Amino acid sequence: MKLRVALLLTTFALGVALTGNAGNTVPGTIQQPSATVPIASQPPDLASVPAGKQGDLIRQGRDIFDQTPTHAKAYVGNRLSCNDCHLQGGTEPKAAPLTGVPGLFPLYSQRAGRVISFGERVQECFVRSENGTPPPLDSPEMNALLAYIEWISHGVSKQEALAGRGLVQIPSLTGNADRGAVIYQQRCAACHQDNGAGVPAVFPALWGPDSYNDGAGMNKVPKMAAFLVKAMPPTQPGTLSPQDAYDVAAYIHGKPRAKFNAAYSKY
Ligand code: HEC
Ligand code: HEC
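Residues numbered from 1 in each chain as written. Chains lettered and ligands numbered in written order. Predicted model: local features only at pLDDT ≥ 70, side-chain atom pairs only at ≥ 80, totals over all residues. Heavy atoms only, no water.

Caption draft 1: A look at the packing of helix H6 (residues 118-127) against helix H7 (residues 140-152). Two elements in contact, H6 and H7, have axes whose closest approach is 11 Å; the angle formed by their N-to-C orientations is 110 degrees. One finds that H6 runs roughly perpendicular with respect to H7. In the crossing of H6 with H7, the sense of the turn from one axis to the other is right-handed. The segment H6 lies against H7, with Phe118, Gly119, Val122, Gln123 and Phe126 engaging Met142, Leu145, Leu146 and Ile149. Its residues placed into classes, the contact of H6 with H7 shows 7 nonpolar, 2 polar and no charged. (Axes fitted to C-alpha atoms, helices over the stretch in contact; angles between N-to-C directions. Helix = DSSP H or I, 4+ residues; strand = E, 2+ residues; numbered from the N terminus. Parallel < 35°, antiparallel > 145°, perpendicular 65-115°, else oblique. Left-handed = near helix turned anticlockwise from the far one by under 90°. Contact = heavy atoms within 4.5 Å. Nonpolar A, V, L, I, M, F, W, Y, C, P; charged D, E, K, R; others polar.)

Caption draft 2: Structural detail: the coordination of the iron atom of ligand 1. Coordination of the iron atom of ligand 1 by the protein is provided by His86 (NE2) and Cys125 (SG), with metal-donor distances spanning 2.0 to 2.3 Å. Classification of the site at the iron atom of ligand 1 as octahedral follows from its 6 donor atoms and the range of 88 to 179 degrees in their angles at the metal. Of this pair, histidine 86 sits in the loop between helix H4 (82-85) and helix H5 (87-90) while cysteine 125 is found in helix H6, placing the two residues 39 residues apart along the sequence. (Donors = N, O, S within 2.8 Å, 3.2 Å for Na, K, Ca; no water. Tetrahedral: all angles 85-135°; square planar, octahedral: opposite > 155°, others 65-115°.)

Caption draft 3: Seen up close, the site of ligand 1. The local shell around ligand 1 holds 21 residues, among which Cys82, Cys85, His86, Cys125 and Lys223 are the closest. Between ligand 1 and arginine 165, the relevant distance is 2.7 Å, taken from an oxygen atom to a side-chain nitrogen or oxygen of the residue. Contact between ligand 1 and lysine 223: an oxygen atom at 2.6 Å from a side-chain N or O atom of the residue. Where the shell around ligand 1 is concerned, the elements lending two or more residues are H4 and H6. With 5 residues, the single largest contributor to the shell around ligand 1 is H6. A per-class count over the shell around ligand 1 returns 12 nonpolar, 5 polar and 4 charged. (Near = heavy atom within 4 Å. Polar contact = N/O pair within 3.5 Å; in protein donor to acceptor, adjacent residues only side chain to side chain.)

Caption draft 4: How the structure looks around the site of ligand 2. The environment of ligand 2 is formed by 24 residues, the closest being Cys188, Cys191, His192, Ala205 and Met232. A distance of 2.8 Å separates a nitrogen atom of ligand 2 from a polar side-chain atom of histidine 192. A distance of 2.8 Å separates an oxygen atom of ligand 2 from a polar atom in the backbone of alanine 205. Elements with a minimum of two residues in the shell around ligand 2: H4, helix H10 (189-192), helix H11 (221-231) and helix H12 (242-253). Per-domain counts for the shell around ligand 2 show at least three residues from each of domain 1 (43-156) and domain 2 (177-263). (Domains from an automatic or database assignment.)

Caption draft 5: Spatial organisation of the coordination of the iron atom of ligand 2. Every protein donor of the iron atom of ligand 2 is listed here as His192 (NE2) and Met232 (SD), and their distances to the metal cover 2.0 to 2.3 Å. Geometry at the iron atom of ligand 2 is octahedral, judged from its 6 donor atoms and the angles of 86 to 180 degrees they form at the metal. Taken together, the residues histidine 192 in helix H10 and methionine 232 in the loop between H11 and H12 connect sequence positions 40 residues apart. Exposure remark for histidine 192: the relative accessible area of 10% places this residue in the buried category. On the basis of relative accessibility, which here comes to 18%, the residue methionine 232 falls in the buried class. (Buried < 20%, exposed > 50% of the residue type's maximum accessible area, 1.4 Å probe, protein only.)

Structure below.
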């Protein structure tokens, strides 16, 4: 089911790319490991993963990235996968890509108030975006994830990584949750459902127990708005105005979700 939806969305995205109507291209595109079509990126081609032990680790990391609740079960407290937010296997520029990002660490983290390693940054998404617990830095799951992210980062320079990093820049606005409720019904509910619970493993939950907790980056209205302008709805990316995105993010922000576990505030 998940694969079918992904194929449908990919086919649509390619159609948009080839006709040049994407409307959401961003400058400074990162070199993709296996990009064959300009403008829209594609997930990296797993056929080019080397054979042998290291290749197995990379493929295992990709499975975790795509279906985190299934393949890193012990550390996940919701139904979200890395790939729900880090699009195209973590390679889509301005959708929080991870290509080349390991090379930017160790880095000072404002949230943690200290210098953190790349592995610790991954742990941070586990305790916030995955509403789970931090996989130990030497756990099989962490080793596999890091092997996969290193693989998509191969040959990507620091400059290229910085150019595509993060989210789209949009003006700082004030969201109107009432207007957002109307947009949600018209443009989001068909996939994410009226109750925001989505369809687990196909359409991710936007609020409630299957979603990220209130300590996650996506829980900030400006951050979600920047993500939406770039990525949603996936069949028509680039069609929400910054104001629409702020409005619908404000609506979603008013809904219930799990609390961040303060025991993990060092992340
Ligand atoms: C609910 C959405 C969501 C999920 C699920 C999620 N992340 Fe993230 N992640 C984000 C956001 C948002 C950022 C911050 C992007 C920004 O502010 O530029 C981020 C940042 C990161 C960063 C730092 C990127 C940088 O440029 O410094 C890493 C590494 C990361 N995530 C790894 C992961 C991994 C691995 C998983 C799966 C185990 C995961 N994330 C799951 C939303 C998510
Ligand atoms: C055609 C189905 C579809 C529609 C319509 C849609 N989404 Fe999504 N959404 C997805 C899928 C699938 C993903 C996972 C990422 C991907 O594969 O593109 C996603 C991911 C997300 C995420 C990040 C993951 C999470 O759970 O936090 C947010 C936030 C989001 N959508 C919000 C919205 C909003 C707001 C709208 C309406 C403006 C919308 N989406 C419309 C299918 C849809």
